[in-house]
Amino acid sequence: MPSTTFENLNQQKKELITNALLTEFSQHSLASAQVARIVKQAGIARGAFYKYFTDLTEAYQYLYQVAILEIHTPITRANHILTASDYVNQIKAFVDEINGSKYRDFMRLHFQTNEGLLRDSTQPQIKIHSAQEWSVMVLSHETIKDCLLQPNKQGEAITRLSKVLTALLQ
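Every value quoted in this text rests on a predicted model; they were computed, and no experiment measured them. (Residues numbered from 1 in each chain as written. Predicted model: local features only at pLDDT ≥ 70, side-chain atom pairs only at ≥ 80, totals over all residues. Heavy atoms only, no water.)

Student: What am I meant to see in the environment of Ala 67 here?
Tutor: For Ala 67, the position within the fold is in helix 5 (residues 56-71). Ala 67 sits 37 residues away from Arg 104 along the chain, and the two C-alpha atoms are 9.5 Å apart. Setting aside residues no more than four positions away along its own chain, Ala 67 makes contact with Tyr 103, Phe 106 and Met 107. (Helix = DSSP H or I, 4+ residues; strand = E, 2+ residues; numbered from the N terminus. Contact = heavy atoms within 4.5 Å.)

Student: Is there a simple way to think about the packing of aromatic side chains in this case?
Tutor: Here a ring pair, both rings aromatic, is described through the centre-centre distance and the interplanar angle of the planes. Within this structure, the stated rule accounts for eight aromatic pairs. Considering the side-chain rings of Phe 6 and Phe 53, the 5.0 Å spacing of their centres and the 45° angle between planes classify their relative orientation as tilted. You can see Phe 6 sitting in helix 1 (residues 4-7) and its partner Phe 53 sitting in the loop between helix 4 (46-52) and helix 5, a full 47 residues away along the chain. Measuring from ring centre to ring centre gives 5.7 Å for Phe 53 and Tyr 62, while their planes differ by 45°; the resulting arrangement is tilted. Comparing Phe 53 with Tyr 62, the two get one shared label, buried. Connected via pairs of aromatic rings, a cluster forms that spans Phe 6, Phe 49, Tyr 50, Tyr 52, Phe 53 and Tyr 62. (Phe/Tyr/Trp six-rings, centres within 6.5 Å; stacked < 30°, edge-to-face > 60°. Buried < 20%, exposed > 50% of the residue type's maximum accessible area, 1.4 Å probe, protein only.)

Student: Help me out: how do you make sense of the UniProt feature "DNA-binding region" (unreviewed entry) in the protein in this one?
Tutor: UniProt's feature table lists "DNA-binding region" (unreviewed entry) at residues 34-53, given in the numbering used throughout. As annotated, residues 34-53 has a helix share of 75% and a strand share of 0%, and its two end C-alpha atoms lie 13 Å apart. (UniProt positions renumbered as here; feature names shortened; annotations may be inferred.)

Student: How do you make sense of helix 8 (residues 131-149) when you look at a structure like this?
Tutor: Quick reminder: α-helices carry 3.6 residues per turn. Residues three or four places apart thus point the same way. Under the 1.5 Å per step criterion, the end-to-end length of helix 8 is 27 Å for 19 residues, consistent within 8% with the ideal 27 Å. Within the span of helix 8, buried status applies to Glu 133, Ser 135, Val 136, Ser 140, Thr 143, Ile 144, Lys 145, Cys 147 and Leu 148. (Expected span 1.5 Å × (residues − 1).)

Student: Sorry if this is basic, but what is going on with the side chain of Lys 14 here?
Tutor: When you line up the elements, Lys 14 lands in helix 2 (residues 11-27). Here Glu 7 takes part through its backbone oxygen, which lies 3.3 Å from a polar atom of the side chain of Lys 14. Filtering out sequence-adjacent residues up to four positions away, Lys 14 remains in contact with Phe 6, Glu 7 and Leu 9. (Polar contact = N/O pair within 3.5 Å; in protein donor to acceptor, adjacent residues only side chain to side chain.)

Student: What is the right way to look at the packing of helix 8 against helix 9 (residues 154-168) in this model?
Tutor: A packed helix pair is summarised by two numbers, namely the angle formed by the two axes and the spacing between the axes. One can describe the packing of helix 8 onto helix 9 by two numbers: an axis separation of 9 Å at closest approach and a directional angle of 170°. Overall, the two elements helix 8 and helix 9 adopt an arrangement that is roughly antiparallel. Touching Gln 132, Ser 135, Val 136, Leu 139, Ser 140, Thr 143, Asp 146 and Cys 147 of helix 8 are Gln 154, Ala 157, Ile 158, Arg 160, Leu 161, Val 164, Leu 165 and Leu 168, all from helix 9. Residues of the contact of helix 8 with helix 9, tallied by class, amount to nine nonpolar, five polar and two charged. (Axes fitted to C-alpha atoms, helices over the stretch in contact; angles between N-to-C directions. Parallel < 35°, antiparallel > 145°, perpendicular 65-115°, else oblique. Nonpolar A, V, L, I, M, F, W, Y, C, P; charged D, E, K, R; others polar.)

Student: Would you take a moment to explain the environment of Glu 70 for this structure?
Tutor: For Glu 70, the position within the fold is in helix 5. A residue is classified by how much of its surface remains accessible, and Glu 70, at 46% relative accessible area, is partly exposed. When the C-alpha atoms of Glu 70 and Ser 101 are compared, they prove to be 9.2 Å apart, with 31 residues separating the residues in sequence. Those residues within four positions of Glu 70 in sequence are excluded, and the remaining contacts are Lys 102 and Tyr 103. Side chain to side chain, Glu 70 and Tyr 103 meet in a polar contact 3.1 Å long.

What follows is the structure, given as structure tokens:
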């Protein structure tokens, strides 16, 4: 994650750098991203970038965490499985939140390209208690991904999730 030097920056400067990261990683995959464009937009020296982040991957991981924290609609984690309609409503709300967010293009590019490059390092460690809970989580995440990558088929993806979860959670 970012250095303590970055963490200790004033909020305005952190936001300026974070916005430059968002611009870069919303328009370019991690493989084609350039520090030069980030530092130019942020108005910082190249050396400062490397004082804040070890490399582009660390900068990307920082931005990914910021995005997830800002847009994630918390999924209720009770001591029981929710109903299919509860999950579907949460997924709809989450997709609507992303679509209305400044992170939409970033998340779309994440799913298209960057997720495969960073699979192990960006996935939160979630404790799964049952096969049913794991199934709900995987189906929900795949539906979110489908909605972002194929927005014209969002209704189909949500309907499919609803049918599958209804059958799974009976």
